Amino acid sequence: MSQILLRVLAVVLSEVSPEPLIEKNVSFDKLPAECAAVYDSDIRQFRQATVTDVISADLDGDKVNELLIFNGENGSGGKVYAVMQKTNGKYRKAGEVFGLLYKSGKGLIVESPRGWDNANWNYYELVSGKLVCKLEMKVKYSKPIRKNPVKITVEMKK
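This text gives an overview of the structure that appears in the document. None of these values were measured; they are calculated from a predicted model.

1. Focus: the overall build of the protein
Part 1 of the argument: For the protein, the helix and strand inventory stands at three helices and nine strands.
Part 2 of the argument: Of the regular secondary structure in the protein, the N- to C-terminal order runs α-β-α-α-β-β-β-β-β-β-β-β.
Part 3 of the argument: Against the 2.2 N^0.38 benchmark of 15 Å for 158 residues, the protein shows a C-alpha radius of gyration of 16 Å, consistent with a compact globule.
Part 4 of the argument: Projected onto the principal axes, the alpha-carbon positions of the protein cover approximately 45 × 35 × 25 Å.
Part 5 of the argument: When burial is assessed residue by residue, the protein has 43% of its 158 residues classed as buried.
Part 6 of the argument: Taking all contacts inside the protein whose residues are at least 6 apart in sequence as the whole, residues at least 24 apart take part in 42%.
Part 7 of the argument: Of the side-chain charges in the protein, 24 are positive and 19 negative, and the distance between the mean point of each set is 3 Å.

If you want it as structure tokens, here you go:
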């Protein structure tokens, strides 16, 4: 668990992803049907969307990339991504995350800004086909726009 803590702290303090995630616009008709279906149908119709953002990354260390699909929902703190895992030739939803994404090892670090001087940071891994939060970190900053951490609270999850 200390490795996870060190990985998350490194990202919190540097705001740099050790392994950059590359987001691509992919047409819905190029995605597997189960992946395209995670995009909210009402938002898709309203926006007349034909593409969505997709990130491909291995989140469980099996050398097969999972797909993180933007589901159409977003806000000032980031976007909602459905994490899709390929099993027996089909994708299924392993979980969802909201925020700004960073990759580290086989895990996914998610920053969820909370105003100018707070942010939650969570570390997730895929375990038995489910996205599991292994660590939650709450950070209070001394200056606006989330710079200079002054208080960090860590909760390790089982």
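2. Considering the packing of aromatic side chains
Part 1 of the argument: Taken as a whole, this structure holds four aromatic pairs when the rule is applied.
Part 2 of the argument: Measuring from ring centre to ring centre gives 6.3 Å for Phe70 and Tyr81, while their planes differ by 55°; the resulting arrangement is tilted. Placement of Phe70 in strand 3 (residues 66-75) and of Tyr81 in strand 4 (residues 78-87) is noted, with a sequence separation of 11 residues between them. Of the two residues examined, Phe70 and Tyr81, each falls in the buried class.
Part 3 of the argument: Judged by centre distance (5.5 Å) and plane angle (35°), the ring pair of Tyr102 and Trp121 falls under tilted. Of this pair, Tyr102 sits in strand 5 (residues 90-104) while Trp121 sits in strand 7 (residues 118-127), placing them 19 residues apart in sequence.
Part 4 of the argument: Among the aromatic side chains, those forming a connected cluster through ring pairs are Phe28, Tyr39, Phe70 and Tyr81.
Part 5 of the argument: Positioned above the aromatic ring of Phe70, the side-chain terminus of Lys79 is 5.1 Å from the ring centre.

3. What about the pattern of salt bridges?
Part 1 of the argument: Scanning the model with the defined rule gives nine salt bridges in all.
Part 2 of the argument: Between Asp53 and Lys79 there is a salt bridge, and its shortest N-O distance comes to 2.4 Å. Residue Asp53 is found in strand 2 (residues 51-57), and its partner Lys79 is found in strand 4; the two are separated by 26 residues along the sequence.

4. Regarding the sheet that holds strand 4
Part 1 of the argument: Reading across from one edge, 1-2-3-4-5-6-7-8-9 is the order of the nine strands in this open sheet, with antiparallel pairing throughout. In this open sheet, the two strands that pair with only one neighbour each are strand 1 (23-27) and strand 9 (147-156). Ignoring which end each strand starts from, the neighbouring axes of this sheet average 35° apart.
Part 2 of the argument: Pairing geometry for strand 2 and strand 3, over four bridges, is antiparallel.

5. As for helix 1 (residues 2-14)
Part 1 of the argument: Look at helix 1: 18 Å from first C-alpha to last across 13 residues, which is about the 18 Å you get at 1.5 Å a residue.
Part 2 of the argument: If you follow the buried residues of helix 1, they end up packed against strand 5, strand 6 (107-113), strand 7 and strand 8 (130-143).
Part 3 of the argument: With its phi angle positive at about 55°, Glu15 sits one or two positions after the end of helix 1.

6. Let's talk about the environment of Phe28
Part 1 of the argument: Structurally, Phe28 can be placed in the loop between strand 1 and helix 2 (33-36).
Part 2 of the argument: Judged by its relative accessible area of 6%, Phe28 is buried.
Part 3 of the argument: Remark: the alpha-carbon pair of Phe28 and Thr50, spanning 22 residues in sequence, is separated by 6.0 Å.
Part 4 of the argument: When neighbours within four sequence positions are excluded, Phe28 is seen to be in contact with Ala36, Tyr39, Arg44, Ala49, Thr50, Val51 and Thr52.

Parameters and conventions
Residues numbered from 1 in each chain as written. Predicted model: local features only at pLDDT ≥ 70, side-chain atom pairs only at ≥ 80, totals over all residues. Heavy atoms only, no water. Helix = DSSP H or I, 4+ residues; strand = E, 2+ residues; numbered from the N terminus. Rg over C-alpha atoms; globule rule 2.2 N^0.38 Å. Buried < 20%, exposed > 50% of the residue type's maximum accessible area, 1.4 Å probe, protein only. Contact = heavy atoms within 4.5 Å. Lys, Arg positive; Asp, Glu negative; His and termini not counted. Charge placed at Lys NZ, Arg CZ, Asp CG, Glu CD. Phe/Tyr/Trp six-rings, centres within 6.5 Å; stacked < 30°, edge-to-face > 60°. Lys NZ or Arg CZ within 6 Å of the ring centre and 35° of its normal. Salt bridge = Lys/Arg side-chain N within 4 Å of Asp/Glu carboxyl O. Pairing = 2+ DSSP bridges. Axes fitted to C-alpha atoms, helices over the stretch in contact; angles between N-to-C directions. Expected span 1.5 Å × (residues − 1).

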